Amino acid sequence: MTETSVPRDRRVSPWWRALSILLLIALLLGWATSASMTEQLKAQITHLQGRLVQVPQVRQVAVLLDDQQRPAMLVTHDPQQGKLLLQRLNEVREGREDSMQLWALAGEDAPRSLGVITSKYQTLEMPVAETDLKHVTQLAISAENKGGVPAGASPSLPWLFKGWWVQKSI
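Everything numeric here is computed off the predicted structure, so don't read it as measured data.

(A) Fine view of the overall build of the protein. The number of helices and strands found in the protein is one helix and nine strands. For the protein, the α and β elements follow one another from N to C terminus as α-β-β-β-β-β-β-β-β-β. Taken over C-alpha atoms, the radius of gyration comes to 35 Å for the protein, far larger than the 15 Å a tight globule of 170 residues would show. Counting the 170 residues in the protein, one finds 26% classified as buried. In the protein, once contacts between residues fewer than 6 apart in sequence are set aside, the share between residues at least 24 apart is 59%. Approximately 12600 Å² of the protein is accessible, and the part contributed by carbon and sulfur atoms is 59%. Here the protein carries 18 positive and 16 negative side-chain charges, and the mean point of each set is 12 Å from the other.

(B) Quick peek at a nonpolar patch on the surface. Together, V12, W16, L19, L22 and L23 make up an exposed nonpolar region whose accessible area comes to about 540 Å². Positionally, L23 belongs in helix α1 (residues 14-54).

(C) Highlighting the pattern of salt bridges. In total, this model carries three salt bridges according to the counting rule given. Linking K42 and E39 is a salt bridge whose minimum nitrogen-to-oxygen distance equals 3.6 Å. Note that K42 and E39 are positioned in helix α1 at a spacing of three residues, about one turn of the helix. Its relative accessible area of 47% is what places K42 among the partly exposed residues. Judged by its relative accessible area of 48%, E39 falls in the partly exposed class. A salt bridge links E125 to K83; the nearest nitrogen and oxygen atoms lie 3.1 Å apart. Taken as a pair, E125 in strand β6 (residues 123-127) and K83 in strand β3 (residues 83-88) lie far apart in primary sequence, 42 residues in all. Owing to a relative accessible area of 47%, E125 belongs among the partly exposed residues under this scheme.

(D) Quick peek at the environment of A129. Among the secondary structure elements, A129 is positioned in the loop between β6 and β7 (138-145). Using a relative accessible area of 35% as the deciding quantity, one classes A129 as partly exposed. Each C-alpha atom, one on A129 and one on Q81, is 8.6 Å from the other, the two residues being 48 residues apart in sequence.

Definitions and limits used
Residues numbered from 1 in each chain as written. Predicted model: local features only at pLDDT ≥ 70, side-chain atom pairs only at ≥ 80, totals over all residues. Heavy atoms only, no water. Helix = DSSP H or I, 4+ residues; strand = E, 2+ residues; numbered from the N terminus. Rg over C-alpha atoms; globule rule 2.2 N^0.38 Å. Buried < 20%, exposed > 50% of the residue type's maximum accessible area, 1.4 Å probe, protein only. Contact = heavy atoms within 4.5 Å. Areas by Shrake-Rupley, 256 points an atom, 1.4 Å probe, with all protein chains shown as cover. Lys, Arg positive; Asp, Glu negative; His and termini not counted. Charge placed at Lys NZ, Arg CZ, Asp CG, Glu CD. Patch = residues over 30% accessible without salt bridge, like charges linked within 9 Å, V, L, I, M, F, W, Y side chains within 5 Å. Salt bridge = Lys/Arg side-chain N within 4 Å of Asp/Glu carboxyl O.

What follows is the structure in structure tokens.
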């Protein structure tokens, strides 16, 4: 007896072809999605790094207290913009003929005016360079006649609010 060999069918099933094409498409879609997400993540990181540069880096802060040791004014310094940021914590306001004037106190030195508070709003900004705050240990506010005291003069009335100028750890 001779053995007859039946030729085997070497063709691939159409189901396997369809499955391999489907898996190839899924793989390409997964790769495209991950590449897109990576680019979006990079864009978000770049955006947040840019915003971080714009955020004020507060290094110094003072809470000015009234004569009953209650918080009256919060003062912070934004060195990037060269401004003091003042926030009123109580309802004390200037009168028609009065002005509130901010002073820098440095040990035994004479008080140095940082400016007159011109806004009656809850928060305000006052331009003050970082060099003007060097060696300052306390900030104080006095009530003065309208417009404040002349340049180089000392405060004419007692302190309305006073507090320590504190270096904050970054």
